[in-house]
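# Breakdown of the fold
Residues per chain are reported as follows:
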Amino acid sequence: MTRTKITQTLKEDGLPGLIRRVHAGLVFRYHEIYNSRFDNAHAIDTRTSVALETLDFEHRHKSHAIDYEPTPIKLVEALLKPSRVRARSTTFLDLGCGKGRVLLKAAELGFDQLVGVEFASEIADTARQNLEQVFKSSTGVSWTVVSQDAATYSPPRSDLVIFLYNPFTHPVMEGVVNWIEAHIDRGYRVEVIYYNSQCRSLFDDCNRLKAEPFPWLAKLQLRFLSWHAAAKYVSVAGPGDDV
């Protein structure tokens, strides 16, 4: 910040406002460095945002979807690390997977069964290209990107770790929570990691999910390196279940 800008901020917002603005600028630069390194290392582009209104497609839920904004790679790492103990026995599912950044990071953390769901076919094509680029010489990872409405998606018959970065609003999320609940009723274990959890109340109200705190290190990173809150849920066994 220039001296003039600092003086203006102090006059308008006081010292707390100046501290917030400086912190936000530092956080932005921190994430830009690691996001650029990630894309450059893989020779891909997951950094560029996409406004859905610029894409030529029609869908009944288009108005309920959120524009593509990539999740900061260091936050992806912080949020997923605690779940990697189940990586080899679980399907990693990214709902609203965008260009595939989170799927790629999940693979780096040990998940070898990856599924992305992205209803905007143009963005889904970019995700496929990115995953093909990275996994072209890898035989240990099974992946697919599905161009489908997340509300009506049928998950694979396996335990799931589900990631969401505020991909859509209540009308779509209601359908997602419904099939998650049905999946748990079939006896599968489900873990949900929800970043920028705008529809959190739907998960809080689901009696087959319970909120679970993140480890202290992830909490610390969310506190100081994020603009958004995150929530984590794990499946709750019903009568006669072993989830």
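Data block above holds the structure.
Residues numbered from 1 in each chain as written. Predicted model: local features only at pLDDT ≥ 70, side-chain atom pairs only at ≥ 80, totals over all residues. Heavy atoms only, no water.

Time to look at the sheet that holds strand E4 (residues 160–165). Across a sheet, strands are paired by hydrogen bonds formed along the backbone, either parallel or antiparallel in direction. Within the open sheet, the seven strands sit side by side as E3-E2-E1-E4-E5-E7-E6. Their pairing is mixed. Every other strand in the sheet has two partners, leaving strand E3 (142–146) and strand E6 (209–211) as the edge strands with one partner each. Here the average twist between neighbouring strands, direction ignored, is 20°. Across five bridges, strand E5 (residues 190–195) lies against strand E7 (residues 230–235) in antiparallel orientation. What sits directly across from Tyr-195, in E7, is Ala-230. (Pairing = 2+ DSSP bridges. Helix = DSSP H or I, 4+ residues; strand = E, 2+ residues; numbered from the N terminus. Axes fitted to C-alpha atoms, helices over the stretch in contact; angles between N-to-C directions.)

Two elements in contact, helix H2 (residues 73–80) and helix H7 (residues 216–225), have axes separated by 9 Å at closest approach and are oriented at 155°. In terms of orientation, H2 and H7 fall into the roughly antiparallel class. Seen along the crossing, H2 lies across H7 with a hand that is left-handed. The segment H2 lies against H7, with Lys-74, Leu-75, Ala-78 and Leu-79 engaging Ala-218, Gln-221, Leu-222 and Leu-225. For the contact of H2 with H7, the residue count by class is six nonpolar, one polar and one charged. (Parallel < 35°, antiparallel > 145°, perpendicular 65-115°, else oblique. Left-handed = near helix turned anticlockwise from the far one by under 90°. Contact = heavy atoms within 4.5 Å. Nonpolar A, V, L, I, M, F, W, Y, C, P; charged D, E, K, R; others polar.)

The next subject is the packing of helix H3 (residues 101–108) against helix H4 (residues 121–135). Following both chains from N to C, one finds H3 and H4 inclined at 25°, their axes separated by 9 Å at the closest point. Here H3 lies roughly parallel to H4, going by the angle between them. Here H3 runs over H4; the crossing is right-handed. Residues Leu-103, Leu-104 and Ala-107 of H3 pack against Leu-131, Val-134 and Phe-135 of H4.

Per the stated rule, a full pass over the model turns up 13 salt bridges. Notably, a salt bridge pairs Glu-77 with Lys-74, separated by 3.8 Å at the nearest N-O pair. Here Glu-77 and its partner Lys-74 are both found in helix H2, three residues apart, which amounts to about one turn of the helix. The two residues Glu-77 and Lys-74 agree in class, both being buried. Of the charged contacts, one joins Arg-128 and Asp-125 as a salt bridge, the two residues approaching to 2.7 Å between their closest N and O atoms. Note that Arg-128 and Asp-125 are positioned in helix H4 at a spacing of three residues, about one turn of the helix. When its relative accessible area of 36% is taken as the criterion, Asp-125 is described as partly exposed. Linked through salt bridges whose partners overlap, the residues forming this network are Lys-74, Glu-77, Lys-81, Lys-105 and Glu-108. (Salt bridge = Lys/Arg side-chain N within 4 Å of Asp/Glu carboxyl O. Buried < 20%, exposed > 50% of the residue type's maximum accessible area, 1.4 Å probe, protein only.)

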